[in-house]
Amino acid sequence: MTVLFGIFLLTLLVIVAIGVVRAENLFVAVMLTGIFSLLMAANFFILDAADVALTEAAIGAGISTVLLLGALALTPGQERRLRGGRWLALGVVTLTTLSVLYATFDKPRLGDPEAPVHQHVAPWYLEKTPELVGIPNVVTAVLGTFRGYDTFGEVIVVLTAGIGVLFLLGLPGVVGERKREDLESGRTYLGHHLIPQVVGHLLIPFILLFALYVQFHGEYGPGGGFQAGAIFAAGFILYALIAGEREALAIVSPRLLVTLMASGALLYGGLGVLCMLLGGSFLDYSVLASDPVAGQQWGIIIIELGVGVSVAGVLLAIYHAFAARGH
Amino acid sequence: MELLGLFNYWVFAVLLMVGFYAVIAKPNMVKKLLGLSIFQAAVFLLYITMDKVEGGTAPIIQAGMVDQVFSNPLPQVLILTAIVVGISTTALGLAIVVRIFEAYGTIEEDETQRLDLEE
């Protein structure tokens, strides 16, 4: 039954993807991208990847749609109609699809416990996590400690991308005083629509509460800093959409946003250096407490906090950068 | 039924190339970025497909679970972070597109190239 449901979802996924590529109205394409991400999240959930499904739902279906719409507000919403077919491109794509399809016949079938990917390091993670880290969610354990370097790198990449966007578009009040009087006049987005206004104001506290839950419950269930950061940003973006840019920036000022972006990554890296000063290696949390397992848990909580703060800061700053550019 | 176990990989192959087609054939830059995110999502699907173990569940170890099979946590970790990096890089791309539009007045690639040649 699950298999059939999965096939149904995957077929829908392909149809939606083709719809995205074919749609000439970019607004339609962006909306289809949101549906695409939601379907993808459902697929991830069926494939036992609860953490990934949560991330994809929060980021792919939520934040990414808003950012794309923000960019569309600044660029033409209609794609120019193509003259003539793209037969060469179509040929290349068809040939490559066929050769990849041919290659899939060598893959182990879905769910095969004997597949090579399950023989390498993964059994070790599953076996050793209770003993070495002592938290139930193995995904968080691998993310936070076994592959902590990797995650640190990802946080730096996210931070770098955020800095890049701010360099390109500028953030009101921090990077240049771009059209400040426009911002002061406070163009409200949905302020004159009663239903989004009421529903939004009711929802925001719960969204933020849920973000806190996802942040601090990530060791026990699906969740962690990446998801929580995205949900936090989503809550504030919703506020900015219904109450207006100015009110949102009054609560989380641009300067605070930039501080958040940097301080999350700094907390992560700083903890790594602290571990070195305490006599361990970089990001080896065992030295943080007298009991190595407790040290690991402290380390994971702190770096997840750093990740959450950094991701929330970057996503919110990117949103404000696009929104302020439109004024 | 045996072949249906490969269905996820077929969808991966098709999605990958649907995205790639948008990147190489569409001159509109926002459409190229959308294609790139479909391409990216296809890779995510490939990784997450590999994590599934028959009869397994999400890798969260709870008390009282005896002989429970867990799916592979490693691809999940890799893709979890990749999704967040993906949206950041897409945002960077969109920011560049916005600046290109401000400079050229168009986001169609062939037109920006023509404008470059005219200068």
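1. Examining unusual backbone geometry
Residues and elements named next belong to chain A. Even without glycine at this site, aspartate 48 takes up a positive phi of about 70 degrees. Phi is positive for leucine 283, close to 65 degrees, though the residue is something other than glycine. As for its position among the elements, leucine 283 is in the loop between helix H12 (254-277) and helix H13 (292-325).

2. Overview of the packing of helix H6 (residues 138-146) of chain A against H13 of chain A
All names here are of chain A. As a packed pair, H6 and H13 sit with axes 9 Å apart at the nearest point and diverge in direction by 90 degrees. Between H6 and H13, the crossing angle belongs to the class labelled roughly perpendicular. Contacts between H6 and H13 involve Thr140, Ala141, Leu143, Gly144 and Thr145 from the first element and Gln296, Ile300, Ile303 and Glu304 from the second. Among the residues making up the contact of H6 with H13, the classes are represented as four nonpolar, four polar and one charged.

3. Focus on empty space enclosed by the protein
Enumeration according to the criterion identifies three cavities of 30 Å³ or more in this entry. Size it by volume and the largest cavity reaches roughly 230 Å³. Considering the residues around the largest cavity, the lining is formed by 18 residues, among which Ser37, Gly60 and Ser64 of chain A together with Ser37 and Gln40 of chain B are closest to the centre. When residues of the lining of the largest cavity are traced back to their parent elements, those giving at least two are helix H2 (26-46) and helix H3 (50-72) of chain A together with helix H2 (29-51) and helix H3 (73-104) of chain B. Partitioning the lining of the largest cavity into residue classes produces nine nonpolar, eight polar and one charged.

4. As for the domain arrangement of chain A
Put simply, an interface is often sized by how much accessible area is lost when its parts join up. All names here are of chain A. You can read the domains of chain A as domain 1 (1-108) and domain 2 (120-327). Each of domain 1 and domain 2 has a C-alpha centre, and these two points are 26 Å apart. Listed by partner, the interface residues are twelve residues for domain 1 and 18 residues for domain 2. Each partner contributes to the roughly 1,200 Å² buried at the junction of domain 1 and domain 2, and carbon and sulfur atoms together form 83% of this total.

5. Notes on the pattern of salt bridges
For the structure shown, the criterion picks out 15 salt bridges over all chains. Here lysine 128 of chain A makes a salt bridge to glutamate 131 of chain A, at a shortest N to O gap of 4.0 Å. Of the two residues, lysine 128 of chain A and glutamate 131 of chain A both sit in helix H5 (residues 122-132), three residues apart, roughly one turn of that helix. Its relative accessible area of 51% is what places glutamate 131 of chain A among the exposed residues. For glutamate 247 of chain A, the salt bridge identified is with arginine 246 of chain A, shortest N-O distance 3.6 Å. By relative accessible area, which is 28% here, glutamate 247 of chain A ends up partly exposed. Linked by salt bridges that have partners in common, Arg80 of chain A together with Glu108, Asp110 and Glu111 of chain B make up one network.

6. Re the packing of aromatic side chains
Residue and element names in this part refer to chain A. If you walk through the whole model with that rule in mind, you get twelve aromatic pairs over all chains. For the pair tyrosine 149 and phenylalanine 282, a centre-to-centre distance of 5.8 Å together with 65 degrees between the ring planes defines the contact as edge-to-face. Of this pair, tyrosine 149 sits in helix H7 (residues 148-169) while phenylalanine 282 sits in the loop between H12 and H13, placing them 133 residues apart in sequence.

7. Some details on the nonpolar core
Ranked by internal contacts, the top residues of the largest apolar core, which has 125 residues, are Phe36, Phe44 and Phe322 of chain A together with Leu15 of chain B. In contact with phenylalanine 322 of chain A, other than residues within four places in its own chain, are Leu67, Gly70, Ala71, Leu74, Val165 and Leu169 of chain A together with Ala91, Leu94, Ala95 and Val98 of chain B.

8. Quick notes on the interface of chain A and chain B
Counting residues at the interface gives 90 residues for chain A and 76 residues for chain B. Together, Val21, Asp48 and Arg80 of chain A form the three largest contributors to the area buried by chain A at its contact with chain B, with a combined 9%. A salt bridge links glutamate 102 of chain B to arginine 325 of chain A, with the nearest nitrogen and oxygen atoms 2.4 Å apart. In the side of chain A that touches chain B, the residues fall into 61 nonpolar, 16 polar and 13 charged.

Reading the values: the criteria
Residues numbered from 1 in each chain as written. Chains lettered and ligands numbered in written order. Predicted model: local features only at pLDDT ≥ 70, side-chain atom pairs only at ≥ 80, totals over all residues. Heavy atoms only, no water. Helix = DSSP H or I, 4+ residues; strand = E, 2+ residues; numbered from the N terminus. Axes fitted to C-alpha atoms, helices over the stretch in contact; angles between N-to-C directions. Parallel < 35°, antiparallel > 145°, perpendicular 65-115°, else oblique. Contact = heavy atoms within 4.5 Å. Nonpolar A, V, L, I, M, F, W, Y, C, P; charged D, E, K, R; others polar. 1 Å grid on protein atoms, 1.4 Å probe; cavity = no way out; pocket = protein on both sides within 12 Å on 5 of 7 lines; lining within 4 Å. Points joined across faces, edges and corners; volume = space filled by probe spheres on them. Domains from an automatic or database assignment. Buried area = accessible area lost by both parts, 1.4 Å probe. Salt bridge = Lys/Arg side-chain N within 4 Å of Asp/Glu carboxyl O. Buried < 20%, exposed > 50% of the residue type's maximum accessible area, 1.4 Å probe, protein only. Phe/Tyr/Trp six-rings, centres within 6.5 Å; stacked < 30°, edge-to-face > 60°. Core = buried A, V, L, I, M, F, W, Y, C linked by side-chain atoms within 4.5 Å.

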